[in-house]
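Listed below are the residues making up each chain.
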Amino acid sequence: MPETELKDLEKLFIALAKNKGSDLHLKVGLKPIFRVAGVLHEAGPRVLTADGLKKLVYEILTEKQREKFASASGGHDLDFAYSLEGTGRFRVNVFQERGQVALAVRRVN
């Protein structure tokens, strides 16, 4: 897949894999965080804003997933698998923390 077609979150997934990281954590007010060999590392220069993080997460969700996450019956929590050709598979948990979208990802080897 050419670089121009990649979604911003997919770029983080690729960076996580290249750095041999196991987890990615995204939370408003912090920079993206990678867990590599059990140690947390900031991954990038920009602090995530509420709008920016929501946009980042929503670009990989299907319309059905967006609706489920947004609904009260969905519990504002969503678990799913995401595959990225040439990079691998990821288990993704999107949730709300203090009223803001947050994300935790585990790379599946």
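Scroll up to find the structure.
Given the structure is predicted, the values throughout are model-derived calculations rather than measurements.

### Looking at unusual backbone geometry
- The phi angle at K20 is positive, at roughly 60 degrees, despite the residue not being glycine.
- By the element assignment, K20 lies in the loop between α1 (8-18) and β1 (23-26).

### Notes on the packing of aromatic side chains
- Counted according to the given criterion, the structure contains three aromatic pairs.
- An aromatic cluster is defined as three or more aromatic residues linked by ring pairs; in this entry it consists of F13, Y82 and F90.
- Here the guanidinium or amino end of K54 rests over the ring plane of Y58, the centre of that ring lying 5.3 Å away.

### Some remarks on the pairing of strand β6 (residues 100-108)
- Across four bridges, β1 lies against β6 in antiparallel orientation. Within β6, the position partnered with H25 by the bridge is A104.
- In this sheet, β6 lies alongside strand β5 (residues 88-97) in antiparallel orientation, the contact comprising nine bridges. By the bridge assignment, R89 is partnered in β6 with V108.
- Hairpin connection of β5 to β6: two residues between the antiparallel strands, including R98 at a positive phi of 55 degrees.

How each quantity is defined
- Residues numbered from 1 in each chain as written.
- Predicted model: local features only at pLDDT ≥ 70, side-chain atom pairs only at ≥ 80, totals over all residues.
- Heavy atoms only, no water.
- Helix = DSSP H or I, 4+ residues; strand = E, 2+ residues; numbered from the N terminus.
- Phe/Tyr/Trp six-rings, centres within 6.5 Å; stacked < 30°, edge-to-face > 60°.
- Lys NZ or Arg CZ within 6 Å of the ring centre and 35° of its normal.
- Pairing = 2+ DSSP bridges.

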